[in-house]
Amino acid sequence: MSLYDEAVLVLKGYGTGADAAQEELRLAYLDHLARHPDGMWKACGAGHLTASALVVDPERGKVLLTLHRKLRMWLQMGGHCEPGDATPAAAALREASEESGVPGLTLLDGGPVVLDRHPIPAPCHWHLDVQYAALAPSGATERISDESLDLRWFGYDEVAAVADASVVRLVERTRALLDGAR
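Residues numbered from 1 in each chain as written. Predicted model: local features only at pLDDT ≥ 70, side-chain atom pairs only at ≥ 80, totals over all residues. Heavy atoms only, no water.

1. Focus on the packing of aromatic side chains
We describe a pair of aromatic rings using the distance from one ring centre to the other and the angle between the two ring planes.
For step 1, the next point in the chain: Taken as a whole and judged by the stated rule, the model has one aromatic pair.
For step 2, the next point in the chain: Here the aromatic rings of Trp74 and Phe154 are separated by 5.1 Å at their centres, their planes lie at 75 degrees, and the arrangement is edge-to-face. With Trp74 in strand S3 (residues 74–75) and Phe154 in strand S8 (residues 148–155), the pair connects residues that are 80 residues apart, well separated along the chain. Each member of the pair, Trp74 as well as Phe154, carries the same accessibility label: buried.
For step 3, the next point in the chain: The residue whose ring lies beneath Arg60 is Trp153, and the NZ or CZ to ring-centre distance is 4.7 Å.
For step 4, the next point in the chain: The ring centre of Trp126 lies 5.5 Å from the NZ or CZ of Arg117, which sits over that ring. (Phe/Tyr/Trp six-rings, centres within 6.5 Å; stacked < 30°, edge-to-face > 60°. Helix = DSSP H or I, 4+ residues; strand = E, 2+ residues; numbered from the N terminus. Buried < 20%, exposed > 50% of the residue type's maximum accessible area, 1.4 Å probe, protein only. Lys NZ or Arg CZ within 6 Å of the ring centre and 35° of its normal.)

Structural data, given as structure tokens:
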């Protein structure tokens, strides 16, 4: 099955109990893919799906954020899908592993945590981000990549002071899922 087909399946299954805004995004993502067979790839000028993952250390109550080199913002790890990615989850895990330098990350069960659509500069117009949570193994040590100016662990309650609303929303939803899993 292609990455495109996998993305459609993930999006069709996403959102059990999701709020109205997430349901609206889910439908918009599916509509986008239906209208743009190339909607998984950076070359799609109308916008494309991306995949990201919030790296979480639940034992310490912290998340690892990257100070993005180009955007100069504290964000979760993530980026564009690549031809070798079998699923959006695989793309998110690859990006989180590459950008964090943390070996042994595993995705939180249950699929995507949040969908987030945000404008980007031309020639493309939108990133339609499928966001996951990646659990760091005990004692994980990060290693900065070329895509980051810095990597730093933040307590859950510290994120709102350094990151935008989309990252805060991802942290809150991840915490709720972690609390529900206990």
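2. Notes on unusual backbone geometry
For step 1, the next point in the chain: Positive phi, normally seen in glycine, also occurs at Arg72, with a value near 55 degrees.
For step 2, the next point in the chain: Mapped onto the fold, Arg72 is located in the loop between strand S2 (62–68) and S3.
For step 3, the next point in the chain: The exposure class assigned to Arg72 is exposed, which follows from its relative accessible area of 59%.

3. Thoughts on helix H1 (residues 3–13)
For step 1, the next point in the chain: Here H1 has its buried residues at Leu3, Ala7, Val8 and Leu11. For H1, the angular spread of the buried residues around the axis is 140 degrees, confining them to a single face. Relative to its buried face, H1 has exposed residues pointing more than 90 degrees away, namely Lys12 and Gly13.
For step 2, the next point in the chain: Next to the buried residues of H1 lie helix H2 (20–35), strand S1 (48–57), helix H3 (88–100) and strand S6 (114–119). (Arc of directions from axis to C-beta. Contact = heavy atoms within 4.5 Å.)

4. Description of the side chain of His127
For step 1, the next point in the chain: Mapped onto the secondary structure, His127 falls in strand S7 (residues 126–135).
For step 2, the next point in the chain: Here His127 falls in the buried class, since its relative accessible area comes to 15%.
For step 3, the next point in the chain: Only 3.2 Å separates the side chain of His127 from the side chain of His48, close enough to count as a polar contact.
For step 4, the next point in the chain: Excluding residues within four positions of it along the chain, His127 makes contact with His48, Thr50, His80, Asp116, Arg117, His118 and Ile120. (Polar contact = N/O pair within 3.5 Å; in protein donor to acceptor, adjacent residues only side chain to side chain.)

5. Description of the pairing of S1
For step 1, the next point in the chain: Counting buried positions over the 10 residues of S1 gives 10, a clear majority of the element.
For step 2, the next point in the chain: Here nine bridges tie S1 to S7, and the two strands are oriented parallel to one another. Across the sheet, residue Val56 finds its bridge partner in S7, namely Leu135.
For step 3, the next point in the chain: By the bridge criterion, four bridges tie S1 to strand S4 (residues 77–80) in an arrangement that is antiparallel. Counted as the bridge partner of Ser52 is Gly78 from S4.
For step 4, the next point in the chain: Pairing of S1 with S2, which is carried by three bridges, proceeds in the antiparallel orientation. If you follow Val55 over to S2, its bridge partner there is Leu64.
For step 5, the next point in the chain: Between S1 and the antiparallel strand that follows it, S2, lie four residues; Gly61 among them carries a positive phi value of about 65 degrees. (Pairing = 2+ DSSP bridges.)

6. Considering the side chain of Ser148
For step 1, the next point in the chain: As for its position among the elements, Ser148 is in strand S8.
For step 2, the next point in the chain: A distance of 2.4 Å separates the side chain of Ser148 from the side chain of Thr66, its partner in a polar contact.
For step 3, the next point in the chain: Ser148 has contacts with Thr66, Leu67, Arg69 and Glu99, leaving out every residue within four places of it along the chain.

7. Comments concerning the pattern of salt bridges
For step 1, the next point in the chain: Taken as a whole, this structure holds 10 salt bridges when the rule is applied.
For step 2, the next point in the chain: One salt bridge in this structure joins Glu82 and Arg94, with 3.4 Å as the shortest N-O distance. Linking Glu82 in the loop between S4 and H3 with Arg94 in helix H3, this pair joins segments that are 12 residues apart in sequence.
For step 3, the next point in the chain: A residue is classified by how much of its surface remains accessible, and Glu82, at 37% relative accessible area, is partly exposed.
For step 4, the next point in the chain: In this structure Arg94 comes out as buried when scored by relative accessible area, which is 17%.
For step 5, the next point in the chain: For Asp85, the salt bridge identified is with Arg94, shortest N-O distance 2.8 Å. Across the pair, Arg94 and Asp85 agree in class, each one buried.
For step 6, the next point in the chain: Because the salt bridges share partners, they merge into one network encompassing Glu82, Asp85, Arg94, Glu95 and Glu98. (Salt bridge = Lys/Arg side-chain N within 4 Å of Asp/Glu carboxyl O.)

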